[in-house]
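Observations on the model geometry
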Amino acid sequence: MFRIGMLGSDGGAKGGHAVEFSKIINNGSYDAKVVGICGDNPDETQAIAEVAGVELVAEKPEDLLGKVDAVCVMPRDGNRHLYYAMPFAEAGVPIFIDKPFTCTVADAVLLANTAKESGAMICGGTSVKYAAAFDEIKQAMQGKTVTSGYFSFPITLHSQWGGMHFYSHHLIEEMLQVFGTEVKSVTDVQVGDNLVVVAKYPDFPVIMNYAANYGGLHAGVYFNDETSLMREVDITDGYRKQCEALIESLTSGQGDEPDYYVLAVRISNAICTAIEEKREVFITE
């Protein structure tokens, strides 16, 4: 049985990734159990422990070293992810990191390089990337020439949890999942708090519409033969899909490439620069 440590307890028992993951993993359906938890807020941490049947409440993340086989890094603010993840990255312990990987490029590079050096498996990211619509779009792309892509998802530009990084990674990871990692630059158009970003690939642009609401999440692709495919993105059951991806990675020993998450952080920060400086920003800047 895989012993899981839950790092971050934002939302407590009222809702959020930490409590939902803990309840799903501890319901007996998987060969795994959340055995320890550590969070910034003692009351929220204790509440999750009681609701989900987590035995150990730790004061510091490193208190779980040697007591868990993997950890889930769940703080809503990506600025807290490096703090929680680093003891386990250094020790070679598998780490699931919810979006965003980090908020700063420096944190992302340090965490990724540490994991590579120790051999710590990395997985995680947004639950949205598991939506069936993306597999359908990728299959439709086989043998065709793409002229543009489209995604929609809401954003809170001034979120208390890391600003726009809190939600920007949903669309960024969707884009990387479908169209690959060869993003060259980003530009933006902003009207009030409504934001649209255009990411440039070598041969086509991809529109990331952050102005959409929860009732209209879509993804699509357009081809040079005057055809297209647009699908609604169903994000229900996202927590369970993330848990299953974690268990699958632990079972197989195969995680994600850390540089994938570093790239997502680079793109998110490039979008911030594009907004602030009102210009095209290249990802390699």
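Summary of the structure given here. All figures in this text were calculated on a predicted structure; none of them were measured in a lab.

Considering helix H4 (residues 105-118)
Here H4 spans 20 Å end to end across 14 residues, near enough to the 20 Å set by a 1.5 Å rise per residue. Taken together, the buried positions of H4 are Asp-107, Ala-108, Leu-111, Ala-112, Thr-114 and Ala-115. What you see down the axis of H4 is that its buried residues fit within an arc of 160°, all on one side. Opposite the buried face of H4, at more than 90 degrees from it, the exposed residues are Ala-106 and Glu-117. Contacts from the buried residues of H4 go to helix H3 (81-91), strand S5 (95-98), strand S6 (122-125) and helix H8 (258-277).

Some points on H8
For H8, which comprises 20 residues, the first-to-last C-alpha distance of 29 Å matches the rise-based estimate of 28 Å (1.5 Å per residue) to within 8%. Most of H8 sits inside the fold, with 14 of its 20 residues counted as buried. Positive phi appears at Lys-278, one or two residues downstream of H8, with a value of about 55°.

Focus on the pattern of salt bridges
This structure, assessed with the given rule, holds 14 salt bridges. Of the charged contacts, one joins Arg-279 and Glu-277 as a salt bridge, the two residues approaching to 2.6 Å between their closest N and O atoms. Accessibility expressed as a relative area gives 44% for Glu-277, which makes it partly exposed. Connected through salt bridges with shared partners, the residues Asp-237, Arg-240 and Glu-244 form a single ionic network.

Focus on the side chain of Glu-174
Among the secondary structure elements, Glu-174 is positioned in helix H6 (residues 165-179). Lys-129 provides the closest opposite charge to the buried, unpaired Glu-174, separated from it by 11 Å.

A look at the nonpolar core
Met-175, Phe-179, Val-186, Ile-267 and Ile-271 are the most contacted members of the largest nonpolar core, which totals 74 residues. Aside from chain neighbours lying at most four places away, what touches Ile-267 is Ile-172, Met-175, Leu-176, Val-183, Val-186 and Ile-283. Among the nonpolar cores identified, the runner-up in size contains 25 residues, and Phe-21, Ala-32, Met-74 and Cys-123 belong to it.

Some details on the environment of Gly-5
By the secondary structure assignment, Gly-5 is in strand S1 (residues 2-7). Through-space distance from the C-alpha of Gly-5 to that of Ala-70 is 6.3 Å; in sequence the pair is 65 residues apart.

Description of the packing of aromatic side chains
Inspection of the entire model under this criterion finds 12 aromatic pairs. Taking 5.4 Å as the distance between ring centres and 15° as the angle between the ring planes, the aromatic pair formed by Phe-101 and Tyr-261 counts as stacked. Of the two residues, Phe-101 sits in the loop between S5 and H4 while Tyr-261 sits in helix H8, which places them 160 residues apart along the sequence. Each member of the pair, Phe-101 as well as Tyr-261, carries the same accessibility label: buried. Judged by centre distance (5.1 Å) and plane angle (15°), the rings of Tyr-201 and Phe-204 are stacked.

A few points about unusual backbone geometry
Cis geometry marks the peptide bond from Lys-99 to Pro-100; its omega dihedral reads -10°. Position of Pro-100 among the secondary structure elements: in the loop between S5 and H4. Phi is positive for Glu-226, which is not a glycine, with a value near 70°. Its place among the elements puts Glu-226 in the loop between strand S11 (218-223) and strand S12 (228-232).

Criteria and cut-off values
- Residues numbered from 1 in each chain as written.
- Predicted model: local features only at pLDDT ≥ 70, side-chain atom pairs only at ≥ 80, totals over all residues.
- Heavy atoms only, no water.
- Helix = DSSP H or I, 4+ residues; strand = E, 2+ residues; numbered from the N terminus.
- Expected span 1.5 Å × (residues − 1).
- Buried < 20%, exposed > 50% of the residue type's maximum accessible area, 1.4 Å probe, protein only.
- Arc of directions from axis to C-beta.
- Contact = heavy atoms within 4.5 Å.
- Salt bridge = Lys/Arg side-chain N within 4 Å of Asp/Glu carboxyl O.
- Lys, Arg positive; Asp, Glu negative; His and termini not counted.
- Core = buried A, V, L, I, M, F, W, Y, C linked by side-chain atoms within 4.5 Å.
- Phe/Tyr/Trp six-rings, centres within 6.5 Å; stacked < 30°, edge-to-face > 60°.

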